[in-house]
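Listed below, chain by chain, are the residues.
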Amino acid sequence: MAPIIADTSGFYALVDRNDPHHAAAAAFLKSIQTPGALLVSNHIFDEAMTLTKVRLGVSVARQLGMRLRNSRLIELIVVNGGEEAAAWRLFSNYDDKAWSYTDCVCLALAQSRDISQAFSFDHHFAQMGLQMLPY
């Protein structure tokens with residue numbers, strides 16, 4: 001399986017049973033067999049922990065964090081200086097888009113690693129030209 005950039009929206013859908021994408025997120029993650037197939041940047045880890053803590057509480061956020069840090073399916077990536085610079089260029093140059101800086105980090109990682117797919121329910125990833133999975 002080719003590597004997949006992971007977005008906060010996929011992980012949040014996984015832990016919030018009331019999220020409309022919960023079942024799809026859970027089924028998608030169960031279908032992945034390749035170790036390290038999901039690339040999770042430190043920006044996404046931060047965003048997922050913060051969003052989950054604010055909406056669902058610290059206990060759920062801690063459980064998600066432990067799942068992400070211990071999953072064989074996840075490769076946690078600390079974004080390097082070149083990737084940060086590329087993300088900043090994307091963020092600065094696409095002022096007609098509502099992409100967050102974290103979205104731009106994901107796109108910079110996808111571009112630098114020749115990745116075309118994202119585990120995301122955020123339409124910004126489709127705008128970026130990435131194939132959104134599981135749909």
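Model, not experiment: these values are computed from the prediction.

Looking at the environment of G65
Phase 1 of the analysis: Position of G65 relative to the elements: it lies in helix α4 (residues 58-70).
Phase 2 of the analysis: Separated by 37 residues in sequence, G65 and T102 place their C-alpha atoms 18 Å apart.
Phase 3 of the analysis: Filtering out sequence-adjacent residues up to four positions away, G65 remains in contact with F45 and M49.

Thoughts on the side chain of D19
Phase 1 of the analysis: Note that D19 resides in the loop between α1 (8-15) and α2 (22-31).
Phase 2 of the analysis: The buried charged residue D19 lacks any salt bridge, with R55 as its nearest oppositely charged partner at 6.0 Å.
Phase 3 of the analysis: There is a polar contact of 2.7 Å between the side chain of D19 and the backbone nitrogen of H21.

Remarks on unusual backbone geometry
Phase 1 of the analysis: The omega torsion of the bond from L133 to P134 falls at 15 degrees, within 30 degrees of zero and hence cis.
Phase 2 of the analysis: Along the chain, P134 turns up in the segment after β5 (131-133).
Phase 3 of the analysis: Residue D114 is not a glycine yet carries a positive backbone phi of 55 degrees.
Phase 4 of the analysis: Looking at where D114 falls in the secondary structure, it is placed in the loop between α6 (101-112) and β4 (117-119).

Rules of the game
- Residues numbered from 1 in each chain as written.
- Predicted model: local features only at pLDDT ≥ 70, side-chain atom pairs only at ≥ 80, totals over all residues.
- Heavy atoms only, no water.
- Helix = DSSP H or I, 4+ residues; strand = E, 2+ residues; numbered from the N terminus.
- Contact = heavy atoms within 4.5 Å.
- Buried < 20%, exposed > 50% of the residue type's maximum accessible area, 1.4 Å probe, protein only.
- Lys, Arg positive; Asp, Glu negative; His and termini not counted.
- Salt bridge = Lys/Arg side-chain N within 4 Å of Asp/Glu carboxyl O.
- Polar contact = N/O pair within 3.5 Å; in protein donor to acceptor, adjacent residues only side chain to side chain.

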